[in-house]
Structure formats: C-alpha cells, structure tokens
Amino acid sequence: MSERDRELDGFLALLQARRSPRTVDAYRRDLTAVRAAIGKPLIEASLEDLETYTAGLRAQGLAASTIARRTAATRSFFRHLQLLGHSSLSTTQMYSHVDAKRLRRVYDHAHPRS
C-alpha cells in the first residue's frame, strides 16, 4: 500500500489482531478492489464513487452474496473511520446507513421464495 493508504493499512492491522488470517485476506482483497475501481484511496471516496462501484458489481453479474460481502467490508472500513473521529463523515454516514425497506428488497432479490 502507498503512504496515502495508511488508514486502510491501520484498519487491516486492527483486523489482524482480532480476526482470522483468511478473514483479513478477504477484507484486503475486497478493499483493494474497491480502491482500484474508484482510482483513489478509500478515505477520499464519495458516496457517488461507492454507488458506481456497487452498480458495476451488479453489471458484472456477480452473485448477490459476493456483492454483499464486498459491501460489508467497505462498510466496516468506513465505520472504523467514524470511530476514529474523522471529520468528514458524510460518506460514512450515508454508506453505513441501513434502510429497512431497501434491505428487505435486497434480501428478497438474493433469496427468492419458492
């Protein structure tokens, strides 16, 4: 990681102390993929960047479970930043907000009833 990714490095270091190596590797892969897709460090991501990334995952035809995992990793990173007290929390607050109706739609789409 470059110097500009010290927040991501710190998040992954914290995960290493609390999670299994495979979990940390999955978070590293997912967060590195987000960073590569948006072309800048995650801390600089806007809500629009993240929405575009998520739409791209859907357009690629990835499984709903894969999209959910990558979204969860990104959400965890932004919650970590929020706990650290970063001054610009607009992306964090918007991206980590869970709307019950939207959650239900995503769940129903991922787990259709017979």
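Residues numbered from 1 in each chain as written. Predicted model: local features only at pLDDT ≥ 70, side-chain atom pairs only at ≥ 80, totals over all residues. Heavy atoms only, no water.

Engineer: Any details on the packing of helix H2 (residues 21-38) against helix H4 (residues 64-84)? Residues and values, ideally.
Structural biologist: Packing of H2 against H4 leaves a shortest axis separation of 9 Å and a crossing angle of 85 degrees. The pairing of H2 with H4 is recorded here as roughly perpendicular in orientation. Where H2 approaches H4, its residues Tyr-27, Asp-30, Leu-31 and Val-34 are matched on the opposing element by Arg-69, Arg-70, Ala-73, Thr-74, Ser-76 and Phe-77. Per-class residue counts for the contact of H2 with H4 are five nonpolar, two polar and three charged. (Axes fitted to C-alpha atoms, helices over the stretch in contact; angles between N-to-C directions. Helix = DSSP H or I, 4+ residues; strand = E, 2+ residues; numbered from the N terminus. Parallel < 35°, antiparallel > 145°, perpendicular 65-115°, else oblique. Contact = heavy atoms within 4.5 Å. Nonpolar A, V, L, I, M, F, W, Y, C, P; charged D, E, K, R; others polar.)

Engineer: Describe helix H3 (residues 47-59), with residues and values.
Structural biologist: Between the first and last C-alpha of H3 there are 18 Å, a value that for 13 residues agrees with the 18 Å anticipated at 1.5 Å per step. Inspection of H3 places Asp-49, Leu-50, Tyr-53, Thr-54 and Leu-57 among the buried residues, and these make up the whole buried set. For H3, the angular spread of the buried residues around the axis is 130 degrees, confining them to a single face. In this structure, H3 carries Glu-48, Thr-52 and Ala-59 as exposed residues pointing more than 90 degrees from its buried face. (Expected span 1.5 Å × (residues − 1). Buried < 20%, exposed > 50% of the residue type's maximum accessible area, 1.4 Å probe, protein only. Arc of directions from axis to C-beta.)

Engineer: Go over the packing of aromatic side chains, please, and point to the residues and values.
Structural biologist: Geometry of an aromatic ring pair is reported as the spacing of the ring centres plus the angle between the planes. According to the stated counting rule, one finds three aromatic pairs in the structure shown. Aromatic side chains Phe-11 and Phe-77 sit 5.6 Å apart centroid to centroid with 80 degrees between the ring planes, which places their arrangement in the edge-to-face category. Within this pair, whereas Phe-11 is found in helix H1 (residues 6-18), its partner Phe-77 is found in helix H4, the two being separated by 66 residues in sequence. Comparing Phe-11 with Phe-77, the two get one shared label, buried. (Phe/Tyr/Trp six-rings, centres within 6.5 Å; stacked < 30°, edge-to-face > 60°.)

Engineer: Which residues make up the nonpolar core, and what values go with them?
Structural biologist: The biggest cluster of nonpolar side chains holds 19 residues, and the ones touching the most others in it are Leu-8, Phe-11, Tyr-27, Leu-31, Leu-42 and Phe-77. Those elements that provide at least two residues to this core are H1, H2, H3 and H4. (Core = buried A, V, L, I, M, F, W, Y, C linked by side-chain atoms within 4.5 Å.)

Engineer: Talk me through the confidence of the model for the chain; I want residue IDs and the actual numbers.
Structural biologist: Residues with a pLDDT of 70 or more make up 72% of the chain, whose mean pLDDT is 81. Taken element by element, the predicted model of the chain shows its lowest mean pLDDT in helix H5 (residues 90-96) (49) and its highest in H2 (94). (pLDDT = per-residue confidence, 0-100.)

Engineer: Outline the pattern of salt bridges, supporting the account with residue identities and numerical values.
Structural biologist: Across all of its chains, the model carries five salt bridges by this definition. In this structure, Asp-49 engages Lys-40 in a salt bridge whose closest nitrogen and oxygen atoms are separated by 2.9 Å. Classification of Asp-49 by relative accessible area gives buried; the value is 19%. Note on Lys-40: relative accessible area 25%, which makes it partly exposed. Where salt bridges share partners, they join Asp-30, Arg-69 and Arg-70 into one cluster. (Salt bridge = Lys/Arg side-chain N within 4 Å of Asp/Glu carboxyl O.)

Engineer: Can you explain the environment of Glu-48? Please cite residues and give values.
Structural biologist: Tracing the sequence through the fold places Glu-48 in helix H3. Separated by ten residues in sequence, Glu-48 and Ile-38 have C-alpha atoms that sit 9.9 Å apart.

Engineer: Describe the packing of H3 against H4, with residues and values.
Structural biologist: Where H3 contacts H4, the axes come no closer than 10 Å and their chain directions differ by 165 degrees. Accordingly, the angle class assigned to the pair H3 and H4 is roughly antiparallel. Considering the relative orientation of H3 and H4, their crossing is right-handed. For the pair H3 and H4, the contacting residues are Leu-50, Tyr-53, Thr-54, Leu-57 and Arg-58 in the first and Ile-67, Arg-70, Thr-74 and Phe-78 in the second. Looking at the contact of H3 with H4, its residues break down into five nonpolar, two polar and two charged. (Left-handed = near helix turned anticlockwise from the far one by under 90°.)

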